Amino acid sequence: MRGAVAAQRLGCFARYVDEVYRHMWADPKKMDEPAVIRAALLESQLPADELLARAADPDVKQELLSNTEASVARGVFGSPSFFVGDELFFGKDRLREVEEEIEAQRAR
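It should be emphasised that the depicted structure is a prediction, and the values quoted were computed from it without experimental measurement.

1. Description of the overall build of the protein
1) Next: Along the protein, the regular secondary structure elements total six helices and two strands.
2) Next: Counting helices and strands in the order they occur from the N terminus, the protein gives α-α-α-α-α-β-β-α.
3) Next: When the backbone C-alpha atoms are referred to their principal axes, the protein occupies close to 45 × 30 × 25 Å.
4) Next: Classification of the 108 residues of the protein by burial places 26% in the buried group.
5) Next: Accessible surface computed for the protein: about 7,100 Å², of which carbon and sulfur atoms make up 53%.
6) Next: A gap of 2 Å separates the mean positions of the 15 positive and 20 negative side-chain charges of the protein.

So this is what it looks like as structure tokens:
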């Protein structure tokens, strides 16, 4: 999660999320091991060393803590969680419902 904050700062957030989730779920790897996540980031052609260095930065850690507190206050209890407006959807198995709610809100 600190990597996601670092990726926002480096301007590669969307790609980082796509690739990290792919490495976690589609092509499962033990992403809590530093060597494994570094190799996965390199495989995905992301700036692995810069992402990992920034993820260790105290400012990034504090931003993640603030984000987490705001998410909990909004009702989030796990990942992945998605909001469409004020509606919370939890789990990758709810992506179809997320899409349907987006379309429903567009139609209003």
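Back to the text.
2. Quick notes on the packing of aromatic side chains
1) Next: Using the criterion set out here, one finds two aromatic pairs in the structure.
2) Next: Where Tyr-21 meets Trp-25, the ring centres are 4.6 Å apart and the plane angle is 15°; that geometry is what we call stacked. Here Trp-25 and Tyr-21 lie together in helix α2 (residues 13-26), a separation of four residues that amounts to about one turn.
3) Next: Overall, the relative accessible area of 26% leaves Tyr-21 in the partly exposed class.
4) Next: Between the aromatic rings of Phe-77 and Phe-90, the centroid separation amounts to 4.7 Å while the plane-to-plane angle is 45°, which identifies the pairing as tilted. On the criterion of sequence distance, the pair formed by Phe-77 in the loop between α5 (58-74) and β1 (81-84) and Phe-90 in strand β2 (residues 87-90) is long-range, its members being 13 residues apart.
5) Next: Take Phe-77: its relative accessible area is 61%, and that puts it in the exposed class.
6) Next: A relative accessible area of 32% means that Phe-90 is categorised as partly exposed.
7) Next: In this structure, Arg-74 packs its charged tip against the face of Phe-83, placed 3.6 Å from the ring centre.

3. Description of the packing of helix α1 (residues 2-10) against helix α4 (residues 48-55)
1) Next: Relative to each other, α1 and α4 sit at 115°, their axes nearing to 8 Å. For the pair α1 and α4, the sense of crossing is right-handed. Residues Arg-2, Gly-3, Ala-6, Ala-7, Arg-9 and Leu-10 of α1 pack against Glu-50, Leu-51, Arg-54 and Ala-55 of α4.
2) Next: By residue class, the composition of the contact of α1 with α4 is five nonpolar, one polar and four charged.

4. Describing the packing of α2 against helix α3 (residues 34-43)
1) Next: Following both chains from N to C, one finds α2 and α3 inclined at 125°, their axes separated by 10 Å at the closest point. When the axis of α2 is compared with that of α3, the two are oblique. Here the hand of the crossing between α2 and α3 comes out right-handed. Two secondary-structure elements touch here, α2 through Tyr-16, Val-20, Arg-22 and His-23 and α3 through Ile-37, Ala-40, Leu-41 and Glu-43.
2) Next: When the residues that make up the contact of α2 with α3 are grouped by side-chain class, the tally is five nonpolar, one polar and two charged.

5. Describing the environment of Glu-43
1) Next: Within the element layout of this structure, Glu-43 appears in helix α3.
2) Next: Residues in contact with Glu-43, not counting those within four places in the same chain, are Arg-22, His-23 and Lys-29.

About the criteria used
Residues numbered from 1 in each chain as written. Predicted model: local features only at pLDDT ≥ 70, side-chain atom pairs only at ≥ 80, totals over all residues. Heavy atoms only, no water. Helix = DSSP H or I, 4+ residues; strand = E, 2+ residues; numbered from the N terminus. Buried < 20%, exposed > 50% of the residue type's maximum accessible area, 1.4 Å probe, protein only. Areas by Shrake-Rupley, 256 points an atom, 1.4 Å probe, with all protein chains shown as cover. Lys, Arg positive; Asp, Glu negative; His and termini not counted. Charge placed at Lys NZ, Arg CZ, Asp CG, Glu CD. Phe/Tyr/Trp six-rings, centres within 6.5 Å; stacked < 30°, edge-to-face > 60°. Lys NZ or Arg CZ within 6 Å of the ring centre and 35° of its normal. Axes fitted to C-alpha atoms, helices over the stretch in contact; angles between N-to-C directions. Left-handed = near helix turned anticlockwise from the far one by under 90°. Contact = heavy atoms within 4.5 Å. Nonpolar A, V, L, I, M, F, W, Y, C, P; charged D, E, K, R; others polar. Parallel < 35°, antiparallel > 145°, perpendicular 65-115°, else oblique.

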